[in-house]
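# Breakdown of the fold
So you can see what is in the structure, the chains are spelled out below.
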Amino acid sequence: MAVNCRLVLAVAVLLCLWALVKAAVILKPSIQGRDKRRVPDKASMGHWKHDDLKRGFTPSEKYAILEKHNALRKEVMAANMNRLVWSDALAEHAQDIAYQCNLEYSEVGVNIAAQSYFYNEIEATKGWYEEKSFYDYANDACQFGLTCKHYKQVVRAAATMVGCGITFCPLMNSIAMEDVYIIVCSYSPVTAKGVPYESGPPCSHCDEGRSCSDGMCGGY
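So, here's what we can say about the structure. Note that the structure is predicted; figures quoted are calculated from it, not measured. (Residues numbered from 1 in each chain as written. Predicted model: local features only at pLDDT ≥ 70, side-chain atom pairs only at ≥ 80, totals over all residues. Heavy atoms only, no water.)

### Some words on the nonpolar core
Grouped together as the largest cluster of nonpolar side chains are 30 residues, with contacts concentrated most on Val76, Met81, Val155 and Tyr197. Every element with two or more residues in this core is listed here: α2 (59-75), α4 (123-129), α5 (149-154), β5 (161-171) and β6 (178-188). Once residues lying within four places of it in the same chain are set aside, the contact partners of Val76 are Met81, Tyr129, Tyr151, Val155 and Tyr197. (Core = buried A, V, L, I, M, F, W, Y, C linked by side-chain atoms within 4.5 Å. Buried < 20%, exposed > 50% of the residue type's maximum accessible area, 1.4 Å probe, protein only. Helix = DSSP H or I, 4+ residues; strand = E, 2+ residues; numbered from the N terminus. Contact = heavy atoms within 4.5 Å.)

Written out as structure tokens, the structure reads:
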């Protein structure tokens, strides 16, 4: 009888071990799938990119950002809109801010955006500009409960320089987000009050010493 009990116990133990092994085999792929980042095929992402070591923009990305800024600034048909040029000093400042991984960072003359897991160097600028629909130029005011400060900074006519930075943040310091790109652009000179530009025919009121170039005030 004792032998039979030991035999039954041994069989039960073996069955339990076998069940545990099967469970581990079944669960392992799901655990790996959860932990492993899934990156869509690059071809399907168009101009969106992923690089979790991203620290700063490449020369071609800087050029694209600058061109997008000037194209959007030109669209407002301002009398005194300056053409922006790239500033490495401002880019360094923007990069320092990006490293903080803080979307709630606030500074006059600075725009910040977050893109989740993939980044596109010009989409942040486009997103800021799209706040135009929330802005009332006649009253120099945003719609109630909405922000338009990023738009105003993009089209701030007095600005003559811009520099931008980017970094990949596995974890954010200000909000509960993971795997985020922080894109920061810094502008100079900084003016924070009043309408961002003077409405009127392009180049009809450029600053002294600046000449008209393709519908914008540029050069000294």
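### Some words on the state of the cysteines
Throughout the structure, instances matching the rule amount to five disulfides. Sequence-ordered numbering of the bonded cysteines in the chain gives a pairing of 1-5, 2-3, 4-6, 7-9, 8-10. (Disulfide = S-S within 2.5 Å.)

### A short note on the pairing of β5
Counted residue by residue, β5 has eight buried out of 11 residues, so it is predominantly covered. Relative to β5, strand β1 (residues 85-86) runs parallel, the two being bridged by two bridges. Paired with Val85 across the strands is Met161, a residue of β5. In this sheet, β6 lies alongside β5 in antiparallel orientation, the contact comprising 10 bridges. (Pairing = 2+ DSSP bridges.)

### Details of the side chain of Asn111
Counting through the fold element by element, Asn111 comes out in strand β2 (residues 110-116). Here Asn111 falls in the buried class, since its relative accessible area comes to 2%. Looking at Asn111, its side chain comes within polar contact range of the main-chain oxygen of His150, at 3.1 Å. Here Asn111 is in contact with Trp128, Lys149, His150, Gln153, Val154, Ile183, Val184, Cys185 and Tyr187, once residues within four sequence places are set aside. (Polar contact = N/O pair within 3.5 Å; in protein donor to acceptor, adjacent residues only side chain to side chain.)

### Details of unusual backbone geometry
Note the cis peptide between Ser188 and Pro189, where omega equals -5°. If you trace the backbone, Pro189 turns up in the loop between β6 and β7 (211-213). At Cys203, a position not held by glycine, the phi torsion is positive, near 70°. Structurally, Cys203 can be placed in the loop between β6 and β7. Here Cys203 falls in the buried class, since its relative accessible area comes to 17%.

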